[in-house]
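The lines below spell out each chain.
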Amino acid sequence: MLRRKPKEKERSKVPIPDELRAAIQEAFYIIKASKRDPDVQVNYGDAIQVLPWLIGGRVGSKKRPFEFTYHIGGERSNCWHLGLHSLDIEDIADGRMTELTLYCCRTPDCGHKTSDPEFLCNCDYENDPYFGHIEVADTVEALSRCGITGISETSTKAQIILALGPPKESGCDSYGDAFDHVPPWIKYERNHCQFHFQFDGSGRLRKLTIMEADWKPGI
Ligand SMILES: [Zn+2]
């Protein structure tokens, strides 16, 4: 499974390309029109479209309410992610603002740039077979990489609780057919990861999932 491994970005001042300025001018007209015309909406993620270069809307923070994806040269694969204040948009459209301070991916051929250092590009994810849903045969290896020993694929629920102590959470999955057997699970948080052990009816380990500590179902 892909695992988040953010790499350090280079913060630099980047000249605003002409095609981006032209697209932001169009966006500026759309935003201005939205103030007079209730039919022109800008308050959702892809409300403002200047195709094929710019897609965005007013969905961001108070400081930078407008968020845009800029496709370089109109290509889908190469893009920047920009958070802008309405005054920035006006200044770029007018030509007063000629450069943006952006966090630039250092991977050659990627070209991703963003105004938000928290925004990740594809290069910030790595495939990790010992992360996410773990093959039962990989249980020992996956856990030991996270600093947890003493548990194997043959461990029972009781043995795991004995080894790791009381779980942070436990329960039964409620989805699926109500008449199905409902497998019990226990969850732990250790070393910046969460560990979700699921068992069969006799308490034997059936499934192990390892996720980042801040991961929540449905994200
Ligand atoms: Zn990248």
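Let me begin by describing the structure that accompanies this report. (Residues numbered from 1 in each chain as written. Predicted model: local features only at pLDDT ≥ 70, side-chain atom pairs only at ≥ 80, totals over all residues.)

Remarks on the overall build of the chain
A tally of regular secondary structure across the chain gives four helices and 14 strands. Viewed in the frame of its principal axes, the chain has a C-alpha envelope of about 70 × 40 × 30 Å. A buried classification covers 21% of the 219 residues belonging to the chain. Taking as baseline every contact in the chain between residues at least 6 positions apart, the subset at least 24 positions apart corresponds to 42%. (Helix = DSSP H or I, 4+ residues; strand = E, 2+ residues; numbered from the N terminus. Buried ≥ 20, exposed ≤ 12 C-beta atoms within 10 Å, placed from the backbone. Contact = placed C-beta atoms within 7 Å.)

So, helix α1 (residues 18-36)
For the α-helix, the turn length of 3.6 residues means that residues three or four positions removed from each other point alike. Relative to the 27 Å expected for 19 residues at 1.5 Å per residue, α1 spans 28 Å between its end C-alpha atoms, a close match to the ideal helical length. Those residues of α1 not exposed but buried are Leu20, Ala23, Ile24, Ala27 and Ile31. All buried residues of α1 project into a common sector of 100° when viewed along the axis, lining one side. Opposite the buried face of α1, by more than 90 degrees, sit the exposed residues Asp18, Ala33 and Arg36. Buried positions along α1 lie against β3 (48-50), β4 (54-58), β5 (66-71) and α2 (86-94). (Expected span 1.5 Å × (residues − 1). Arc of directions from axis to C-beta.)

Remarks on the sheet that holds β3
In space, the seven strands of this open sheet follow the order β2-β7-β8-β6-β5-β4-β3, with mixed pairing throughout. The open sheet has two edge strands with one neighbour each: β2 (10-15) and β3. The sheet contact formed by β5 and strand β6 (residues 79-84) spans six bridges and is antiparallel. Of the residues in β6, the one forming a bridge with Phe66 is Leu84. On top of the sheet, α1 reaches β3, β4 and β5; it is set at about 140° to β3, its chief contact. (Pairing = 2+ DSSP bridges. Axes fitted to C-alpha atoms, helices over the stretch in contact; angles between N-to-C directions.)

Some remarks on the pairing of β2
The element β2 is largely exposed, with a buried count of zero among its six residues. Relative to strand β7 (residues 99-104), β2 is paired through six bridges, and the arrangement is antiparallel. By the bridge assignment for β7, Ser12 is matched with Leu102.

As for the pairing of strand β14 (residues 205-212)
Of the pairings in the sheet, the one linking strand β10 (residues 132-134) to β14 comprises three bridges and is antiparallel in character. When the sheet's bridge partners are listed, Ile134 is paired in β14 with Leu208. Of the strand pairs in this sheet, strand β13 (residues 193-199) and β14 are connected by seven bridges, and their pairing is antiparallel. In the sheet register, Phe199 faces β14, and the bridge partner there is Leu205. The turn linking β13 back onto β14 is made up of five residues, and Gly203 within it adopts a positive phi angle of 85°.

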